[in-house]
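Notes for the structure review
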Amino acid sequence: MHMPMLSLCDVTKDYESDGQRVRALAGVTLDVEAGQFVTLVGRSGCGKSTLLNLAGAMDFPTTGEVRIDGTSTSGLADAALTRIRRDKVGFVFQSFQLLHTLSVIENVELPLLFAGQPNARDAARERLQWVELDGLGERLPHQLSGGQMQRVAIARALVHAPKILLADEPTGNLDTVTGNVILALLRRLTREHHTSLLMATHNVEATELADVVVRMRDGKIEAMGRP
Amino acid sequence: MPMARLFYRLMLRPLFREPVRTALTVLGIALGVAVVLAIDLAGNAAAGSFRSSMETLSGDNNLEITGAGGIPEALVGMVAALPYALRVSPRIEDFAVVHDSKQTLPLIGMDLIGEAGSFPAAMQESQEGQHGNDSNVFLAGCAKSASHAEARTDEQDTTLSCLVDPASIWVGASLGRKAGERVALLINDREQDYIVRGVYPDMNGAESAIVMDIAAAQRAVGRTGRVDRILIKTPAQGNLDEWEQRLRGVLPTGVEVRPQGAGTQENRQMLAAFRWNLMLLSYVSLIVGAFLIYNTISVSVVRRRPEIGIVRALGASRGLVLGAFLGESASFGVIGTLLGLPLGRLMAVGTVKLMGVTVKALYVSSRPGSIELSPASVALAFAVGVGVVLISAYAPAREASFVAPAQAMARGRREYEVRVHSTREVLAALVFAVAAAAASRAPAIAGKPLFGYLAALFLIVACALAIPAFVAAVMRAASQWLRRALGAEGLLASRSLRASLRRTSVLVAALATAVAMMVSIGIMVGSFRETVIAWMDEQLPADLYIRPAGDPATDRHPTISPEMVAAIAKLPGVAAIDRLRAYEIAFEGRPAMLGGADLSMYRTGRAIYRTNARSEFFSGRPSAEVFRDLRGSNNVIVSEPFASKHHLKTSDNITLALGESRAQFHILDVYYDYTSERGEILMDRETLLRYLPDPAPSNMAVYVADGAQVENVRSEIAQAAAGHRLLIFSDRQIRGEAIRIFDRTFAITYALEAVAVLVAVIGIAGALLALVIDRRRELGLMRFLGATSQQVRNLILVEAGLLGLLANVAGVVLGYFLSLVLIFVINKQSFGWTIRFHWPVAVLLGGLSFVYAATIVSGLYPAKMAVQLNPLEILHED
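This one's a predicted model, so the numbers in the text were calculated from it and none came from an experiment. (Residues numbered from 1 in each chain as written. Chains lettered and ligands numbered in written order. Predicted model: local features only at pLDDT ≥ 70, side-chain atom pairs only at ≥ 80, totals over all residues.)

Moving on: the overall build of chain A. Along the backbone of chain A there are seven helices and 10 strands. Against the compact-globule benchmark of 17 Å for 227 residues, chain A has a radius of gyration of 17 Å, which places it among compact chains. Overall, chain A is about 45 × 45 × 40 Å in size when its C-alpha atoms are taken along their principal axes. Burial status across chain A gives 51% buried among its 227 residues. In chain A, the share of contacts with a sequence separation of at least 24, taken over all contacts with a separation of at least 6, comes to 69%. (Helix = DSSP H or I, 4+ residues; strand = E, 2+ residues; numbered from the N terminus. Rg over C-alpha atoms; globule rule 2.2 N^0.38 Å. Buried ≥ 20, exposed ≤ 12 C-beta atoms within 10 Å, placed from the backbone. Contact = placed C-beta atoms within 7 Å.)

What follows concerns the overall build of chain B. Scanning chain B for helices and strands turns up 30 helices and 18 strands. The buried share of chain B, taken over its 878 residues, is 52%. When contacts within chain B are restricted to residue pairs at least 6 apart in sequence, those whose partners lie at least 24 apart make up 83%.

Here we take up the nonpolar core. Formed by 226 residues in total, the largest nonpolar core has its most connected members in L198(A), L459(B), C463(B), V508(B), L511(B), A512(B) and A514(B). With near-sequence residues (within four places) excluded, C463(B) lies in contact with A509(B), A512(B), A810(B) and L814(B). The next biggest cluster of nonpolar side chains, apart from the first, holds 79 residues, and it includes V88(B), F95(B), I232(B) and V670(B). (Core = buried A, V, L, I, M, F, W, Y, C linked by C-beta atoms within 7 Å.)

All names here are of chain A. Judged by pairing direction, the sheet is antiparallel, and its four strands sit side by side in the order β2-β1-β4-β5 without closing on themselves. Single-partner strands in this sheet number two, and they are β2 (20–32) and β5 (71–72). Both strand β4 (residues 63–68) and β5 contribute to a ladder of two bridges, which runs antiparallel. Bridge pairing links R67 to S72 in β5. (Pairing = 2+ DSSP bridges.)

Attention shifts here to the sheet that holds strand β6 (residues 89–92) of chain A. Residues and elements named next belong to chain A. The strand order across the open sheet formed by six strands is β6-β7-β8-β3-β9-β10, and the pairing between neighbours is mixed. Strand pairing shows two members of the sheet lacking a second neighbour, β6 and β10 (220–225), which therefore form its edges. Across the sheet, the axes of successive neighbouring strands diverge by a mean angle of 20 degrees, strand direction being ignored. In the sheet, strand β3 (residues 37–41) pairs with strand β9 (residues 212–217) via four bridges, with the strands oriented parallel. Bridging across to β9, L40 finds its partner in V214. Most of the contacts of helix α5 (residues 146–158) go to β6, to which it runs at about 170 degrees, and overall it touches β6 and β7 (164–168). (Axes fitted to C-alpha atoms, helices over the stretch in contact; angles between N-to-C directions.)

In this assembly, 19 residues from chain B lie in contact with 22 residues from chain A. Contributions of two or more residues to the side of chain B that touches chain A are made by α16 (488–499), α26 (776–784), α27 (789–830) and α30 (871–877) of chain B. For the side of chain B that touches chain A, the element with the highest residue contribution is α16(B), accounting for five residues. Tallied by class, the residues present in the side of chain B that touches chain A amount to 10 nonpolar, six polar and three charged. (Nonpolar A, V, L, I, M, F, W, Y, C, P; charged D, E, K, R; others polar.)

A few words now on helix α7 (residues 214–221) of chain B. For α7(B), a buried count of six out of eight residues is recorded, marking the element as mostly surrounded by other parts of the structure. When α7(B) is considered as a whole, its buried residues turn out to be I214(B), A216(B), A217(B), Q218(B), A220(B) and V221(B).

Quick look at the environment of A456(B) now. Residue and element names in this part refer to chain B. Mapped onto the secondary structure, A456 falls in helix α15 (residues 450–486). The spatial distance from the C-alpha of A456 to the C-alpha of L507 is 19 Å, given a sequence separation of 51 residues. Ignoring any residue separated from it by four or fewer positions in sequence, one finds A456 in contact with L818 and V821.

Here we come to the pairing of strand β4 (residues 168–172) of chain B. Residues and elements named next belong to chain B. β4 sits mainly inside the fold: five of its five residues count as buried. As judged from the five bridges shared by β4 and strand β6 (residues 190–200), these two strands associate in the parallel manner. Residue pairing for β6: I169 is matched across the bridge by V196. Where β4 and strand β7 (residues 210–213) come together, two bridges link them in antiparallel fashion.

Let's shift gears to the pairing of strand β13 (residues 635–639) of chain B. Residues and elements named next belong to chain B. Most of β13 is tucked away, with four of its five residues classed as buried. Both β13 and strand β15 (residues 661–671) contribute to a ladder of five bridges, which runs parallel. Note on β15: the bridge partner recorded for V636 is I667. Two elements, β13 and strand β16 (residues 680–684), share two bridges in a ladder whose sense is antiparallel. In the sheet register, I637 faces β16, and the bridge partner there is L682.

Take the packing of helix α17 (residues 501–539) of chain B against helix α24 (residues 731–745) of chain B next. Residue and element names in this part refer to chain B. Between α17 and α24, the shortest axis-to-axis distance is 11 Å and the interhelical angle comes to 160 degrees. On the basis of the axis angle, α17 is roughly antiparallel to α24. Handedness of the crossing formed by α17 with α24: right-handed. Side by side, α17 and α24 meet where R529, V532, I533 and M536 of the first sit next to R735, A738, I739 and F742 of the second. Here the contact of α17 with α24 is built from residues that sort into six nonpolar, no polar and two charged. (Parallel < 35°, antiparallel > 145°, perpendicular 65-115°, else oblique. Left-handed = near helix turned anticlockwise from the far one by under 90°.)

All right, on to the packing of α17(B) against helix α28 (residues 841–858) of chain B then. Residues and elements named next belong to chain B. Close contact between α17 and α28 brings their axes to 10 Å; oriented N to C, the two are set at 160 degrees. Comparing their axes, α28 and α17 come out roughly antiparallel. α17 and α28 meet at a crossing whose hand is right-handed. Contacts between α17 and α28 involve L511, V515, M518, V519, G522 and G526 on the former and, on the latter, V843, L844, G847, V851 and T855. Among the residues making up the contact of α17 with α28, the classes are represented as seven nonpolar, four polar and no charged.

What follows deals with the confidence of the model for chain B. All names here are of chain B. Taken residue by residue, chain B gives an average pLDDT of 83. The fraction at 70 or more is 88%. Looking at the elements of chain B, mean pLDDT is at its lowest for helix α4 (residues 121–124), recorded as 47, and at its highest for α27, recorded as 94. A low-confidence stretch, residues 602–614 (pLDDT under 50), is modelled with 28 contacts involving residues beyond four sequence positions or located in other chains. Overall fold confidence for the complex sits at a pTM of 0.80, while the interface term, ipTM, reaches 0.88. (pLDDT = per-residue confidence, 0-100.)

Residues and elements named next belong to chain B. Examined against the element boundaries, I293 turns out to sit in helix α9 (residues 262–303). The exposure class of I293 is buried, given the 28 C-beta atoms found within 10 Å. A sequence separation of 198 residues divides I293 from F95, and the C-alpha atoms of the two residues are 51 Å apart. The residues contacting I293, other than those within four sequence positions of it, are S329, F332, V389, S392 and A393.

Residue and element names in this part refer to chain B. One can find L281 in helix α9. Each C-alpha atom, one on L281 and one on V35, is 9.6 Å from the other, the two residues being 246 residues apart in sequence. Setting aside anything within four residues of it in sequence, one finds L281 in contact with T749 and L752.

Positive phi outside glycine occurs at H194(A), with the angle close to 55 degrees. Residue position: H194(A) is located in the loop between α6 (176–192) and β8 (196–200). You will see that N188(B), though not glycine, has its phi angle at about 55 degrees, which is positive. Judged by the 23 C-beta atoms lying within 10 Å of it, N188(B) is buried.

This is the structure in C-alpha cells:
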C-alpha cells in the first residue's frame, strides 16, 4: 500500500491565548510524498508554522492525525516523539538557530551526538562538503556570512539523513541572491537524497521550484496545486 | 513619587516574574546577615556571662585585694582596722558540682553576718512567706528555720548558728530548689549534703551560685585561714587610684590591689581573639553572598540592556541608571537583612551553645548570658547586609550606567558575555598573591593578626581574579574529552560555561571561597588535631591519671586531699606518683595557670615526660635536662601560648605575686602545650610550695609497679578513695576525652562552614535558574535537534557538576594557601600555638564530595524548569 512520507488528515490545532481558544489550523489534510518539495504560502499567522510544528512531531494536533513515515504522532510519549525527530525529521529556521558557542562542525554534528551515534564527526564533515563549506568547520558561527550560516543549518538538518526536511522561511533573513542560492541548494540536496521538503515561505522563487504549492488562509488550505 | 513608581515598574516588578530566583538571592543575603548577627549576639552573650560567674554577689564594691593562691585571712582584719571608712568583704570563691544535676556552679563564701547590710539589691528582696520584717534573704532563711525549731527558745542565736552552720547554703532560684531541701554538693574531691536555707532571685540563672558563710566555705574548700578575695568599698572622697595606692602601701608585696571586676576584664581580653576570629569567619558567608549579588545584578544589567538604552534615549541620566541598579540591590539587601534579623536571633541560640563549649574548653568557666537583640546589633546587621550588597553591586551598576543608548537598542538582547581581560586579571592575581605573601610575614597589631586577615583577603581576591583564566583554560582543554565522555551535553555544557565566562567565574569564585573556607579550616583543625594527638603521646607516660570528679574546665582546679594522695602512693601496685597543683593567676592583666609539678621522677630515673620523644621545648634540649635545671630553683618553664601572649622567651625573667611576696623567676625554656589558650607557667612543686604551701594537688599521675596489673591498681585506688569523689582515667581514656572535647570545640567552625557552603549552593541554584532563562533559545533548539527531555535535564546538571568541580579544584588550591595563613599566621599570632601541617584527607574528601553533591542537587530545580520550557514558544519568540 502506498504511504506518503508525511500525512496530515483533517488536522485541527487549537491554542489557548489569554483564556480564549484560538484555532490555528482547521481541518487541514495534506500528503507529502517522499522526495517531494512542497511550499506553504500565505500571510503571517495563517498557520504555516503550526503546520510545520505538527509535521515535525513538535506538537500534537487537537483533532485529526499526523503520520510521519507511517507513524501516527498522536498519543506518543515524549521519548517516542524525540525518536521520530531524531530519525526522520530535519529543521531549518529563518534565523539559522546556530549555537554560537559551538564551532561550525560541532553545530552540524549535534543531532548525531544527541542520538548517541558513532562517527558523528565524519558525517558532519561530509554534510559540510554537501553544502560546500568544507574547510570552514572550525570556525565559529559569528565568523560566517548569513548565507554560510544557513548552509551550516542545512548541513545540520541533513546530518542524520532525515526523511523529511521542514524549513520555516529559510531565506527570510537573506538577500535575494543568497536566498536563491540557498533555495537551489535545498532543492538539489533533497532531490539527490530523496528527502521530502516542506517549506513555509513568502519567497516567490521558492514556489516556482516546488513540486506542490499549498496556499493557506486562516488555518485552512485555500488552494493546492502545481506552481 | 513618579520616580518611585518608575523604579517599581522598571526594577522591582521584573523581580516578581522570577520569584524563585529572587527568593534565592534574598535567602542568600539573609543567611549571610544571620550568621554575622548570630556570632555577634552569641559573642556578647558569652562575654556577658563572665560578669555573672564570680561577680554574682560582688555588690557595689570598687576595689579588690587578691593574690595567687589566695591571701591570708589576717589581712581582712588588717584592712578593716585601717583608719579609713572602708567596707571590707572577704570572699572564698570556688566551684561546686550539684550531685543530682551534675551542674557546676560558682561557690561563694561570704561573711553573711557582717555583710548583712550590704548585699546587692537583688538579694534584699523580701520573699513571700519569709519571717518577720527581715528583708535579707540569708537572715530570713535562717530566721524561718529557727521559728520552726520549737525546742529552741533563743531565736536570734538560732538564726546566727544557722547562718554559720557548715551545712547551710543559699542557692539561686533557677536551681529549682526550695528552702529546707537537702542538696549533695561535690567540692574538690569530697561530696557532702547541705541544707538549702534560702533562695535568692538570680536573673534566670545568669547569677546563679551556691552561697555559704565564709567560715563554712573555708572548711569546705580546705582553705582555712585564707580568703580568695577581699572586696573593698572605698569612701566617696578621693579617686580610686589614690585608694589603690594607699592600700598597696600597707599590704604585703605579693598581694594585688586592683579595681573590682578586673578579672572580668581579663576574661574579656582573653576572649577577644577568639571572638574576633569567629566574627571574621562569619563574614565569609557574606563574601560568598557578595559574589552572588554581583552575579545577580550583572545578569540584571545584561538582560536589561535594551531597556537601559530606551530609558537613556528617553532622557534618563547615567546617575539615574546607576541609582536604579543600586536601588535594586539595596532592596535585596534590606529585605535580606529584615529576614536575617529573626533568623540570626534564632541561630544565636545554637551559636551560644557551640561557643560555650569552646569557651569552657579553652578559656574560662562560663554560663551563657541572655541573648539581646540590641539596637547596635540591628544596626550592624543593616550595615553589613545593605553595605555588602551595595559594594558588590556597584561595578555592574556602573557598567549599566555607561551603556550607550543607540548601541544597546540596536544590538538588542545579547548573551551574558564577557569582557574578560584574562592576562590583565592573571597579572593582578599575581600581584595580590605576592601582597598576600608579604602581609603574612607582618607581625600582629595589638595582639590581632590584622595582616594575617589581610593576607587571607588578598588570597581570596587573587583567586577570584585568576578564576576566569582557570575556567577558560580547563574548559578549553576538557571540552573534547567531555564530548567523548558525556556526549552532546558534555560538549554544550563546557562551551556554555566558557562562553559566559564572567558569570561562570563569579559562581565558581563564590563556591570556591566557601569550599576554600571548608578546606582551610579542615586542614587547620585536622593539623591541630594531629598535633595534639602526637603531643599527647609524648605527654602521657603514666598509667593512670586521677582528678576530683566534676566537669573539667580550664580555669577550675579542684584539689585532691593530701591524705588521699599519700594513701594512693602507699598502695602496693603503685611505683610512683606525680602531683600537679594548679592555681589561677593573673599575669600582666591576663589570666594564666600557675602549676607546680613533681620532678621527683627524674631522681628515680623514670621520667614524667618521655625522654626518648621529640623535645617538648623550643630550645630542643632533652626534657630530662630541662627538668633537672628546674628543680628546687626559681626557674620556670612557660607554655607557648603564654610566651606568645606576653612576648617572652627563654632566659627572660618574670615577676610573680605569690602568697604574700613577689618573686622573680627565670624562664628556663618554653614548652609546647595545647591544653589551654590561657597560658601556663610551670615550676618545681617544691618551689611552688615555698610560696603557696597548700600540699593538695589538683591532679596526679600514677605509675604502676613492674609486674602489677594496671586494672588491679585502678581497683585498689578506687577502694582506697572510697568517700572521696575521684575520677581515675587510663592514659587511653584521657586521650579519648581530650579528643572528644577537642572535636566539640571546633563544632562552631563547622557550623559556619556549612552556612557559607549553603549560601554558595543557593547562589548556584539561583544562577542556574537565570542561566536556564537566558539560554532558553538554546534549550528549545535542542529539542528541535532531537534532544530528549532527559538530555536537556542532563545539560543543566552537567553544568552544575562542572561548576562544582571547578569550584572544588579552585577551592582546594585557595584553601591550601588559606590554611597556611590560618595555621602559621592567624593562629600563631592570635593563640600562639605551633601546629604541624597535616592533610586530613578523609575529612576533606567527605567535605568536597558533599559540596559537589549539593551543587548537583542545586541544579535539579533549574533542570526541571529547563525541561518544562516550551520549545515552540521560545523559537516563535526568537
